[in-house]
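# Examination of the molecular architecture
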Amino acid sequence: MELIQQDPELSAYLAADDAIDHDHQIVREVAAELARQAADSYVYAKIAYEYVRDAIPHSHDTGDPRVTWRASDVLRQRTGICYAKSHALAALLRAEDIPAALCYQRLDGVVHGLVAVRFRGAWHRQDPRGGRPGGSVPFSLTGERLPYTPRPESSDMDYPVLYAAPHPVVLEALQKAPDRERLWKALPASL
């Protein structure tokens, strides 16, 4: 699948906004700590991915009722669903000047959030959700390794657009939900 930048300017995929608030102190602190462990930007991207995937539980897996949507809140509260975890990963990447985009799939009638990272002149999708039975999906720039692939016989699909900011329907669902249980009932079915 060919991935399409919504914004032609690569600088858009380095920008901060309300959700990807990589200028927030906690995001900067976590990014600096992770950067101390990395020899270069590729290693940093892998470490940041693994940190979000493994150190921030998916709230559905843990039963955590809190709904987070800002990257800083995800990192501080250490919880979030796929969209929120994607916001956190994008913020950590952008904090170290690595272009990161938000992208989405529709799986079993619900929109799922991913991140695409730009290296070697190309975008590479990553799924920071984690907590999957049978092991976690590794960071990869050598072929896509997503845990879920759309099934042709269903209405599943990959959305090809790379967004610089969260899609409005995703952000609205997160911001309006008072708790994860009600968010789960209001997850977007499409973009």
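Summary of the structure given here. (Residues numbered from 1 in each chain as written. Predicted model: local features only at pLDDT ≥ 70, side-chain atom pairs only at ≥ 80, totals over all residues. Heavy atoms only, no water.)

End to end, helix α5 (residues 82-95) covers 20 Å across 14 residues, agreeing with the expected 20 Å (1.5 Å per residue, within 8%). In terms of residue burial, α5 counts as a mostly covered element, since 14 of its 14 residues are buried. Note on α5: the residue one or two positions beyond its end, aspartate 97, has a positive phi of about 60°. (Helix = DSSP H or I, 4+ residues; strand = E, 2+ residues; numbered from the N terminus. Expected span 1.5 Å × (residues − 1). Buried < 20%, exposed > 50% of the residue type's maximum accessible area, 1.4 Å probe, protein only.)

In this structure the tally under the stated criterion is 6 aromatic pairs. Site record: aromatic cluster; members linked through ring pairs are Tyr42, Tyr49, Phe119 and Phe139. (Phe/Tyr/Trp six-rings, centres within 6.5 Å; stacked < 30°, edge-to-face > 60°.)

What follows deals with the nonpolar core. Counting 49 residues, the largest nonpolar core has Val27, Tyr44, Tyr83, Leu92, Leu93 and Tyr104 as the members making the most contacts within it. For this core, the secondary structure elements donating two or more residues are α1 (25-35), α2 (41-55), α4 (71-77), α5, β2 (100-107), β3 (110-119) and α6 (168-176). For this core, the element with the highest residue contribution is α5, accounting for 10 residues. Contacts of tyrosine 104, omitting those with residues within four sequence positions, involve Tyr83, Val111, His112, Gly113, Asp158, Tyr159, Tyr163, Pro166, His167, Val170 and Leu191. Leu3, Tyr13, Ala101 and Leu146 belong to the second largest nonpolar core, which has 11 residues in total. (Core = buried A, V, L, I, M, F, W, Y, C linked by side-chain atoms within 4.5 Å. Contact = heavy atoms within 4.5 Å.)

We now examine the side chain of aspartate 156. Among the secondary structure elements, aspartate 156 is positioned in the loop between β4 (122-126) and β5 (157-158). Within polar-contact distance, the side chain of aspartate 156 engages the backbone nitrogen of aspartate 108 at 2.8 Å. Within polar-contact distance, the side chain of aspartate 156 engages the side chain of arginine 151 at 3.2 Å. (Polar contact = N/O pair within 3.5 Å; in protein donor to acceptor, adjacent residues only side chain to side chain.)

A separate point is the sheet that holds β3. In space, the 4 strands of this open sheet follow the order β4-β3-β2-β5, with antiparallel pairing throughout. Among the strands making up the open sheet, the edge pair consists of β4 and β5. Sheet topology places β2 next to β3; 8 bridges connect them, and they run antiparallel. Within β3, the position partnered with alanine 101 by the bridge is alanine 116. Against the sheet, α5 touches β2 and β3, its axis set at about 15° to β3. (Pairing = 2+ DSSP bridges. Axes fitted to C-alpha atoms, helices over the stretch in contact; angles between N-to-C directions.)

What follows is about the pairing of β3. Among the 10 residues of β3, 8 are classified as buried, and the element is accordingly described as predominantly covered. Counting the residues in the hairpin turn of β2 and β3 gives 2 residues, including aspartate 108, whose phi is positive at 50°. Pairing geometry for β3 and β4, over 5 bridges, is antiparallel. Paired with arginine 118 across the two strands is tryptophan 123, which belongs to β4. In this structure, the hairpin formed by β3 and β4 is closed by a connection of 2 residues, where arginine 120 is found at a positive phi of approximately 55°.

So, to be careful, I would describe these as geometric facts and stop short of saying anything about function.
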